[in-house]
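Tertiary structure, described
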Amino acid sequence: MTSPESTNTNWKQRNNLNTKRLAKWTAAWVISLALATFGDKFIWQQNELITAIAIGINFLVGIMMIMVNKQHLIDLDELQQKIQLNAMGLSLGIGLIVGISYSTLDTTGLISSHAEISHLIIVMALTYMIGIILGNRKYQ
């Protein structure tokens, strides 16, 4: 029979392993995105086939990152799952509202610059981080 202390240690070890796996897959996705985005300009000089392959690899690495993130979330305790879910919901809602408003500003000509997806990703990432911080603070 396992003691509560060994169960807690096993959970911490599993959580650390899941966090490291998620960090590795996230880094791999970011690197493959950079390669797909900038490779044709700086490495393989506008070869469409290689660019298409790089984008495909980025897509597959992204799928793996999602699967690893899902496993990470499943293995969290109930409180951390709640904090993550609330932060993700906030990020999705803010991202949707800001994204549509930003795109509408662009399509109606009310802003001179083009609405870029990178701006939306930044807003969503910041919202997610704020949601995690507020959630952890709420349940301390």
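Keep in mind that this is a model prediction, so the values were computed, not measured.

How each quantity is defined
- Residues numbered from 1 in each chain as written.
- Predicted model: local features only at pLDDT ≥ 70, side-chain atom pairs only at ≥ 80, totals over all residues.
- Heavy atoms only, no water.
- Domains from an automatic or database assignment.
- Contact = heavy atoms within 4.5 Å.
- Buried area = accessible area lost by both parts, 1.4 Å probe.
- Polar contact = N/O pair within 3.5 Å; in protein donor to acceptor, adjacent residues only side chain to side chain.
- Helix = DSSP H or I, 4+ residues; strand = E, 2+ residues; numbered from the N terminus.
- Nonpolar A, V, L, I, M, F, W, Y, C, P; charged D, E, K, R; others polar.
- Buried < 20%, exposed > 50% of the residue type's maximum accessible area, 1.4 Å probe, protein only.
- Expected span 1.5 Å × (residues − 1).
- Arc of directions from axis to C-beta.
- Salt bridge = Lys/Arg side-chain N within 4 Å of Asp/Glu carboxyl O.
- Phe/Tyr/Trp six-rings, centres within 6.5 Å; stacked < 30°, edge-to-face > 60°.

Some details on the domain arrangement of the chain
The domains assigned to the chain are domain 1 (1–75) and domain 2 (77–140). Listed per partner, the contact involves five residues of domain 1 and four residues of domain 2. Buried surface at the junction of domain 1 and domain 2, summed over both partners, amounts to about 330 Å²; 57% is from carbon and sulfur atoms. Considering only the side of domain 1, the residues that lose the most area to domain 2 are Trp11, Leu73 and Ile74, jointly responsible for 83% of the buried surface there. Here domain 1 and domain 2 share two residue pairs in polar contact (both at pLDDT 80 or more) between them. The biggest single contributor to the side of domain 1 that touches domain 2 is helix H2 (residues 48–75), with four residues. The class makeup of the residues in the side of domain 1 that touches domain 2 is three nonpolar, one polar and one charged.

Observations regarding the environment of methionine 65
If you trace the backbone, methionine 65 turns up in helix H2. Given a relative accessible area of 18%, methionine 65 falls into the buried group. Sequence-distant contacts of methionine 65, defined by excluding residues within four places in its chain, comprise Leu22, Trp25, Thr26 and Trp29.

Considerations on H2
With 28 residues, H2 should reach 40 Å at 1.5 Å per residue; the first-to-last C-alpha distance of 41 Å fits that figure. Every buried residue of H2 is accounted for by Thr51, Ala54, Asn58, Val61, Gly62, Met65, Val68, His72, Leu73 and Asp75. The N-cap residue of H2 is asparagine 47: its side-chain oxygen and the backbone nitrogen of leucine 49 are 3.1 Å apart.

A few points about helix H4 (residues 117–138)
For H4, built from 22 residues, the straight-helix expectation of 32 Å at 1.5 Å per residue is met to within 8% by its first-to-last C-alpha distance of 31 Å. Looking at H4, one finds that the buried residues are Leu120, Thr127, Gly131, Ile132 and Gly135. All buried residues of H4 project into a common sector of 140 degrees when viewed along the axis, lining one side. Looking at the buried positions of H4, the neighbouring elements they touch are helix H3 (78–107).

A short note on the pattern of salt bridges
Throughout the structure, instances matching the rule amount to one salt bridge. The shortest N-O distance in the salt bridge between aspartate 75 and arginine 14 comes to 3.7 Å. You can see aspartate 75 sitting in helix H2 and its partner arginine 14 sitting in helix H1 (residues 4–42), a full 61 residues away along the chain.

Brief notes about the packing of aromatic side chains
Tallied over the entire structure, the rule returns one aromatic pair. Between phenylalanine 38 and phenylalanine 42, the ring centres sit 6.5 Å apart and the planes meet at 45 degrees, which makes this aromatic pair tilted. Here phenylalanine 42 and phenylalanine 38 lie together in helix H1, a separation of four residues that amounts to about one turn. For phenylalanine 38, a relative accessible area of 44% gives the class partly exposed.

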